[in-house]
Amino acid sequence: MAGRINDDDVKAVRDAVPIDSVVSEYLQLRNAGGGNLKGLCPFHDEKSPSFQVSPSKGLFHCFGCQEGGDTIAFVMKIDHLSFSETVERLAAKAGITLRYEEGGYNPSHQRGERIRLIEAHQAAAEFYVRALESPEAEIGRTFLAERGFDQDAAAHFRVGYSPAGWDHLTRYLRGKGFSDKELITSGLSQDGRRGPIDRFRGRLMWPISDTAGDIVGFGARKLRDDDNGPKYLNTPETPIYKKSQVLYGIDLAKKDIAKASRAVVVEGYTDVMACHLAGVTTAIATCGTAFGNDHIKILRRLLMDNGSARVIFTFDGDAAGQKAALRAFEDDQKFAAETYIAIAPDGMDPCDLRLVKGDDSVRDLVEPRTPLFEFALRQIVGRYDLETPAGRAAALDEAAAVVAKIKTSSVQREVAVQLAGLVGILDQEFVVRRVAQLARWARDKGGERGGRGGPQGGRGPRGGAPQQAAPAPAFSGPALNLRSPAHRTERELLKLALQKPALVSPAFDAYGVDEFTAPPYAAVRQCIEEAGGAEQGVVDDRAYLGAVLDAAPDNTVRHLVTELAVEVFHGKSIDETYAGMHLVHVRLRAVDRRIADVQSSLARLGTNVAPQDLAAAQNEVWVLQQYAQTLRAHGAAAL
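The rules we used
- Residues numbered from 1 in each chain as written.
- Predicted model: local features only at pLDDT ≥ 70, side-chain atom pairs only at ≥ 80, totals over all residues.
- Heavy atoms only, no water.
- Helix = DSSP H or I, 4+ residues; strand = E, 2+ residues; numbered from the N terminus.
- Buried < 20%, exposed > 50% of the residue type's maximum accessible area, 1.4 Å probe, protein only.
- Contact = heavy atoms within 4.5 Å.
- Areas by Shrake-Rupley, 256 points an atom, 1.4 Å probe, with all protein chains shown as cover.
- Expected span 1.5 Å × (residues − 1).
- Axes fitted to C-alpha atoms, helices over the stretch in contact; angles between N-to-C directions.
- Parallel < 35°, antiparallel > 145°, perpendicular 65-115°, else oblique.
- Left-handed = near helix turned anticlockwise from the far one by under 90°.
- Nonpolar A, V, L, I, M, F, W, Y, C, P; charged D, E, K, R; others polar.
- Pairing = 2+ DSSP bridges.
- Disulfide = S-S within 2.5 Å.
- Salt bridge = Lys/Arg side-chain N within 4 Å of Asp/Glu carboxyl O.

Asker: Is there a simple way to explain the overall build of the protein chain in this structure?
Answerer: The helix and strand inventory of the protein chain stands at 27 helices and 16 strands. For the protein chain, with 639 residues in total, the buried portion stands at 49%. Sequence-distant contacts, at least 24 apart, represent 67% of the contacts inside the protein chain between residues at least 6 apart. Working note: accessible area of the protein chain is about 29,600 Å², and carbon and sulfur atoms make up 50% of it.

Put into structure tokens, the structure is as follows:
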């Protein structure tokens, strides 16, 4: 084994890779105030951003699902990596060579599986790109040229070619040190009669990257008539490639999607290329599967999914394209963004449209015009003979069931009125009531209580799922009550100790764990003590927070630490006066509690207390009362 990664190198990796730059590869971040950033959490489904990042602390925390931690914890969680794999990946990004406690640089065969599979895909992509320049690949270059893509376009999208032989890539990757097991697992090779052979042969190759930009798979297009395989062949499901969770072009489009709050969903690799080359740099495509729930989650995080965002679907004008549009409409309510559909009048896809009519026609195609719900209803209604009462009734039954799925009552009513016009029914209120009735039946059948657009839910004008309350932390003792002045003050003081240690040090370090009445806060105070106290935060802020997290006895306490380390302060001016006020309030309450405890004990004992114990207790009360009086008179100066 390569051994344990050197602690100093782990710290160097944490310091070298800003957490906001890493998180931004997966979701859009916006200013949250107080130096923090916010976005839609990638770890649970939410409609409004409760995920916060503190660049200065190197921490993230979601106030919805309670996930939190540093850069390493984020990458481990989102990419399902081990600690070592994550550190190695971030070290490669930062250009840091890692040392291992048992000596030496980490040999390639000891690297984590995900990293090895991604490295194999990167090497394969480079191999395919070089192969596109070979005489054999003339058919591939011709295919691209006939669709308006020159050499520069192919290079920009890293399009390549897989040689027609049985094992060209397999032998090449073996020479790079990859094992047969790794090649089979990656999906780049498959079992043959005499060992592994290339999965892709004699095809044009598009690399498929994840949101972070790592190549995780390939899409391969048939070029020759004697190829008996499907027109498009994709990488099979592997540990790093799940077709329902990847979008072709997302690595190139994600920044512009976030910047413009707009995404264009097309159907194929060449359509993505055509759109980007025409200036529509927000175009992406699914990879051999229908646009589904996981794809929506990716886009929502990039769009920050607000009401001003736009998602435009382009589908071929044929029956298959219309069917795809209807499938997309089934998931329409999972967006807060407005959804539209764009179909060229002559049914051409963006690639053909660019080739025939130029870049301007592609840009014009994707300008939002027809709402997706309107298109879906027209497709349904268009299948019936609306000249007859029976036809109108049948069209209404099918279309009304679709409208009933709209969760926000106001939008549902508005669309129902439009449906009445499409079907040709003059009594709009009849259609509205019919839709509402179907919606009620669906809720009752599914055991639902209240819609997503009801009083408890709502996500603005488009509806959405209600936010689920986070489960209560599994601390012993009474639950947190933020209406309690004591708990609010203790929370704010802990935030100061974690975020602004210089403002409360060294006074804070003299506070006992028992001065924090909420058990969760007492647990965090204990972690700070074990990490060396707030004074350590003055010396090295990042190392101090890492030590506090390491001292946490379980994930519940660890999540609370990250929450307090990124939460915005309640005060307007976070200075020594603010810090002193909270230090005094926490101490005063502790002193008052001690006075009450001693007096209560004396009252219970009555005349049974020994004279010397009585005198000691009375003296303690007197001293504490004097201290409390001094604190009230002089504030933090009396600490």
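Asker: When you look at helix α18 (residues 409-423) in this model, what are you seeing that I'm missing?
Answerer: Because an α-helix packs 3.6 residues into every turn, residues spaced three or four apart end up facing the same way. Given a rise of 1.5 Å per residue, 15 residues ought to cover 21 Å, and the 21 Å separating the end C-alpha atoms of α18 matches this to within 8%. What α18 keeps buried is the set Val411, Gln412, Val415, Ala416, Leu419, Ala420 and Val423. Following α18 by one or two positions, Gly424 adopts a phi angle in the positive range, close to 90 degrees.

Asker: Please clarify how the packing of helix α26 (residues 576-605) against helix α27 (residues 611-634) should be interpreted in this entry.
Answerer: Helix-helix packing is described using two parameters, namely the angle between the two axes and the distance between the axes. Taken N-terminus to C-terminus, the directions of α26 and α27 make an angle of 155 degrees; their axes are 10 Å apart at the nearest point. By the angle between their axes, α26 is roughly antiparallel relative to α27. The two elements α26 and α27 meet at a crossing, and its hand is left-handed. Residue-level inspection shows Val584, Arg587, Leu588, Val591, Asp592, Arg594, Ile595, Val598, Gln599 and Leu602 of α26 in contact with α27, the latter providing Leu614, Ala617, Glu620, Val621, Leu624, Gln625, Tyr627, Ala628, Leu631 and Arg632. Considering only residue class, the contact of α26 with α27 consists of 13 nonpolar, 2 polar and 5 charged.

Asker: Could you clarify how one ought to interpret the sheet that holds strand β14 (residues 310-314) in this entry?
Answerer: Strands pair in a sheet through their backbones, by hydrogen bonds, and they do so in one of two ways: parallel or antiparallel. If you trace the 5 strands from one edge of the open sheet to the other, you get β13-β12-β14-β15-β16, paired in mixed fashion. If you trace the sheet from one side to the other, it starts and ends with β13 (283-285) and β16 (370-371), each paired once. One ladder, built from 3 bridges, connects strand β12 (residues 262-266) with β13; its direction is parallel. Bridged to Val265 within β13 is Ile284.

Asker: I tried to follow the sheet that holds strand β4 (residues 59-62) on my own but got confused; where do I start?
Answerer: Taken in spatial order, the 5 strands of this open sheet run β1-β2-β3-β4-β5, and their pairing is antiparallel. Whereas interior strands pair on both sides, the edge strands pair on one side only; in this sheet they are β1 (30-33) and β5 (68-70). Each neighbouring strand pair of the sheet contributes to a mean axis angle of 25 degrees, computed without reference to strand direction. Bridge count between β1 and strand β2 (residues 36-39): 3 bridges; the pairing is antiparallel. Directly across from Arg30, in β2, lies its bridge partner Lys38.

Asker: Is there a simple way to think about the pairing of strand β7 (residues 189-192) in this case?
Answerer: The side chains of a regular strand alternate between both faces of the sheet. As judged from the 4 bridges shared by β7 and strand β8 (residues 195-198), these two strands associate in the antiparallel manner. Counted as the bridge partner of Gln190 is Ile197 from β8. Connecting β7 to the antiparallel partner β8 that follows it, the hairpin turn spans 2 residues.

Asker: Hey, could you run me through the environment of Lys357 in this one?
Answerer: Looking at where Lys357 falls in the secondary structure, it is placed in helix α14 (residues 350-357). Taking the relative accessible area as the measure of exposure, Lys357 reaches 52% and is therefore exposed. The contacts of Lys357, once residues within four sequence positions are left out, are Asp346 and Met348.

Asker: Sorry if this is basic, but what is going on with the state of the cysteines here?
Answerer: What makes a disulfide is a covalent bond joining the sulfur atoms belonging to two cysteines. Evaluation of the coordinates by the stated rule reveals 0 disulfides. A disulfide-free cysteine, Cys275 has its sulfur positioned 9.4 Å from the sulfur of Cys351, the nearest such atom. Cys275 sits in the buried class, given a relative accessible area of 0%.

Asker: Sorry, what's going on with the pairing of β4 here?
Answerer: Residues Leu59 and His61 line one face of β4 and the alternating positions Phe60 and Cys62 line the opposite face, and both faces are buried. Here 4 bridges tie strand β3 (residues 51-54) to β4, and the two strands are oriented antiparallel to one another. Counterpart to Val53 in the pairing with β4 is Phe60. Hairpin connection between β3 and β4: a loop of 4 residues separates the two successive antiparallel strands, and Gly58 in this loop has a positive phi of roughly 70 degrees. As paired elements, β4 and β5 share 3 bridges and run antiparallel to each other. Along β5, the bridge assignment pairs Leu59 with Asp70. The loop that links β4 with its antiparallel partner β5 comprises 5 residues; one of these, Gln66, has a positive phi angle of about 75 degrees.

Asker: Whenever I open this one, the pattern of salt bridges confuses me. Can you help?
Answerer: Side-chain pairs of opposite charge can arise where the charged atoms are in close proximity. As enumerated under the stated definition, the model contains 33 salt bridges in all. One salt bridge connects Arg116 with Glu182, and the closest N-O pair in it is separated by 2.9 Å. Here the residue Arg116 occupies a position in helix α5 (residues 113-131), and Glu182 occupies one in helix α9 (residues 180-186), the gap between them amounting to 66 residues. For Glu182, a relative accessible area of 18% gives the class buried. Between Arg158 and Asp251 there is a salt bridge; the shortest N-O distance is 3.5 Å.

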